[in-house]
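Below, each chain spelled out in residue letters.
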Amino acid sequence: MKTVSAVDELRTAVHSARREGQRIGFVPTMGNLHAGHLELVRVAREIADFVVISIFVNPLQFSPNEDFASYPRTLDEDSAQLSAMEVDLLFTPAMNDMYPGGQDAASIITVPGISDRLCGASRPGHFQGVATVVARLFNLVCPDIAVFGEKDFQQLLVIRRMASDLAFDIEIIGVPTVRELDGLALSSRNRYLDAGQRAIAPLLYQVLNDVAGEIAAGNTAFRELEQGAIESLIAAGFQPEYFSVCREIDLAEAQDASQSVAVLAAVTLGKARLIDNLRIPGC
Ligand code: PAF
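This one's a predicted model, so the numbers in the text were calculated from it and none came from an experiment. (Residues numbered from 1 in each chain as written. Predicted model: local features only at pLDDT ≥ 70, side-chain atom pairs only at ≥ 80, totals over all residues. Heavy atoms only, no water.)

Attention shifts here to the sheet that holds strand 2 (residues 24-29). Here we have six strands laid out as an open sheet, ordered 1-4-3-2-5-6, and parallel in their pairing. On the outer flanks of this sheet lie strand 1 (2-4) and strand 6 (171-175), each paired with one strand and no other. Shown here is a sheet whose adjacent strand axes are inclined to one another by a mean of 25°, direction ignored. Across six bridges, the pairing between strand 2 and strand 3 (residues 50-55) is parallel. In the sheet register, Ile24 faces strand 3, and the bridge partner there is Phe50. Packing of helix 3 (residues 75-84) onto the sheet brings it into contact with strand 3 and strand 4 (89-91), and relative to strand 3 it is tilted by some 170°. On the sheet, helix 7 (residues 153-165) packs against strand 5 (145-149) and strand 6 and is oriented at approximately 170° with respect to strand 6. (Pairing = 2+ DSSP bridges. Helix = DSSP H or I, 4+ residues; strand = E, 2+ residues; numbered from the N terminus. Axes fitted to C-alpha atoms, helices over the stretch in contact; angles between N-to-C directions. Contact = heavy atoms within 4.5 Å.)

This part covers the pattern of salt bridges. Considering all chains together, one arrives at 17 salt bridges under this definition. Here Asp276 ties to Arg179 by a salt bridge, and the two come within 2.8 Å at their closest N and O atoms. Here Asp276 is found in strand 9 (residues 272-280), whereas its partner Arg179 is found in the loop between strand 6 and helix 8 (195-200), with 97 residues between them in sequence. Exposure remark for Arg179: the relative accessible area of 22% places this residue in the partly exposed category. The network of salt bridges with shared partners includes Glu39, Arg42 and Glu46. (Salt bridge = Lys/Arg side-chain N within 4 Å of Asp/Glu carboxyl O. Buried < 20%, exposed > 50% of the residue type's maximum accessible area, 1.4 Å probe, protein only.)

What follows is about helix 10 (residues 222-236). For helix 10, spanning 15 residues, the distance from its first C-alpha to its last is 21 Å, which sits close to the expected 21 Å at 1.5 Å a residue. Residues Phe222, Leu225, Glu226, Ala229, Ile230 and Leu233 constitute the buried set of helix 10. With its buried residues spanning 140° around the axis, helix 10 presents them on a single face. Every exposed residue of helix 10 that faces more than 90 degrees away from the buried side is listed here: Glu224 and Ala235. Where the residues of helix 10 are buried, they touch helix 9 (203-216), strand 7 (239-247) and strand 8 (261-269). One or two residues past the end of helix 10 sits Gly237, with phi positive at roughly 110°. (Expected span 1.5 Å × (residues − 1). Arc of directions from axis to C-beta.)

Now the structure itself:
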């Protein structure tokens, strides 16, 4: 595995792979890799010939009160794991490589509508930061395929919309959430949970499952289901931010089951902000 930080080195390596007729697969990450990220890498490895991973903790997607400064940076461990998975190229840009004019001067991409709800409502500017960095990475790497996790389902939809609106000729692949045995979705932020909170955390998945089961069985009283879920989460010790039954296609509030439905939740547990979601097939 080759590691590069400079944009011209990245371009040279990718262009030479493309000249050889290789299909370029790309997984953007913020590092601190866990089995969820490695599953994205595995999928990219399976469907592409030349796999590029980026590690960049993107300041534009953090609010001033969030954990940008303390976000875990574990480049040596990450690099060893990626090398073992036969990644071809690791791109580790510095701030200056990503935002040469400074982060405050960067052109910003807004994906209206879908960015404003759910996580976007509580994290203003978050999805602008994500869309901006992903668009810039897409332009630098020029992949044929890019792979993202379905755990960040709203992010996946924002990126799909951005890629379609800006005519990126890139196939966006969503990969199912990887979970611990007890159901907790893998996340770099799980490390903020203490032992007591870790024991409570899987209840989020359980509550999502209960609601998904009700919907699959034909219950369409979505607002009542949301309210009941919020109460269960509070009783378990979470601080819910939202629990929402949405249309899968655009995450607008679901009114009936005529279109596919997704249930999404965000909660705080101690210092950790956890998000998770389930889609209900056949709705
Ligand atoms: O999902 C993430 O890790 C980040 O939001 C991403 C897509 C790498 C953009 O910084």
